[in-house]
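# Report on the structure
The chain contents come next:
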Amino acid sequence: MYRPLQLRLTIKRWKSNEAIQNFIQQNQSIAQSSVFQGTLYEHTVMRELQYKLAMTKLQNTGGANDKGVDIKGCWPIGKIYDTMNGILQLDSLAIPKRCQANGAILKPYRHKMATEAQLKVLVQCKAFRSSKVAPREFRELVGTFVSMVPSTQRNKTIIMMCSPNMLTREGITLINSVRMPLIYLRIEMLQPEGTGYNLVDSGKLLNYYENDYAAQFLQGCGIKEWLKLAMFNKS
């Protein structure tokens, strides 16, 4: 039976919360460790990516040999575009066939959507409770992208950094200087509640920021509008 995208996302959120609850219950003995908190944050990020950005096939790859990538998955942006196009007539926008970002020439994804159904995503999570993500972390993330993504796949792959904290001015300057599609997501950590965690009112996606390259690459896809109108909630 066919279900609208928003309803399918809501069902996935329920399942994600169940997976988080299972992880918490199965790891009570290490609940005070940094490993537990880091992995719990990765599960929280996966929930938000799946529910609020409609990502699929997400895998938690974090660990000792993760090469700087905690989550891998796919992003069928066309599903978001189709929903928003019906509301905002995105297909009437004049999207250039080629555009420029930091001296690099690129083809916006809108013109490739028909032949490339989805993008790959590589996600790094930084469960910092108080400190902001420093430029050093972003430089390491850029190195991860360069080492893991062949040149032929670099306009088919989005790299993301997730943290509970705001970007620094230096961090914004740095990520806007790189020639790759990079997105920063501010996602809360889950907050303790009683003997467990508040899975309903914490751990939420608070901010979505595309670097200059990603903004050119994803223009006209309706992602920011999807989030602004909270379309993931309209089931």
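Here the structure is shown first, and the text comes after it.
The text that follows walks through the structure, step by step, so that each part is easy to find. (Residues numbered from 1 in each chain as written. Predicted model: local features only at pLDDT ≥ 70, side-chain atom pairs only at ≥ 80, totals over all residues. Heavy atoms only, no water.)

Counting buried residues along strand β5 (residues 119-125), six of its seven residues qualify, which places the element largely inside the surrounding structure. Relative to β5, strand β2 (residues 71-75) is paired through five bridges, and the arrangement is antiparallel. Within β5, the position partnered with Ile71 by the bridge is Val123. At this point the chain moves from β5, through helix α4 (residues 135-148), to the parallel strand β6 (residues 157-163), and the crossover so formed is right-handed. (Buried < 20%, exposed > 50% of the residue type's maximum accessible area, 1.4 Å probe, protein only. Helix = DSSP H or I, 4+ residues; strand = E, 2+ residues; numbered from the N terminus. Pairing = 2+ DSSP bridges. Right-handed = clockwise from strand over helix to strand, strands pointing away.)

So, about the pairing of strand β7 (residues 182-187). Counting buried positions over the six residues of β7 gives five, a clear majority of the element. Across five bridges, β6 lies against β7 in parallel orientation. Of the residues in β7, the one forming a bridge with Met161 is Tyr184. Chirality of the crossover, the property in question, places the unit of β6, helix α5 (residues 169-175) and β7 among those that are right-handed. Pairing of β7 with strand β10 (residues 205-210) involves five bridges; the strand directions are antiparallel. When the sheet's bridge partners are listed, Ile187 is paired in β10 with Leu205.

Under the criterion given, the structure shown has zero disulfides. Counting only cysteine sulfurs, Cys162 is the nearest neighbor of Cys125, a cysteine outside any disulfide, at a range of 5.0 Å. On the basis of relative accessible area, Cys162 is assigned to the buried category, the value being 0%. (Disulfide = S-S within 2.5 Å.)

A few words now on the side chain of Lys112. Looking at where Lys112 falls in the secondary structure, it is placed in the loop between β4 (104-106) and β5. Of the buried charged residues, Lys112 lacks a salt bridge, with Glu116 as the closest side chain of opposite charge at 4.2 Å. (Lys, Arg positive; Asp, Glu negative; His and termini not counted. Salt bridge = Lys/Arg side-chain N within 4 Å of Asp/Glu carboxyl O.)

Before going further, it helps to examine the nonpolar core. Ranked by size, the top nonpolar core spans 45 residues in total, and within it Trp75, Met160, Leu185 and Leu218 carry the most contacts. Considering every element that reaches this core, the biggest residue donor is helix α2 (residues 34-53), with six residues. In this structure, Leu218 is in contact with Trp75, Ile77, Tyr109, Leu119, Ile158, Ile183, Tyr208, Glu210 and Ile223, ignoring residues within four places of it in sequence. Counting 17 residues, the second-largest nonpolar core is a separate cluster that includes Leu122, Val133, Leu141 and Leu182. (Core = buried A, V, L, I, M, F, W, Y, C linked by side-chain atoms within 4.5 Å. Contact = heavy atoms within 4.5 Å.)

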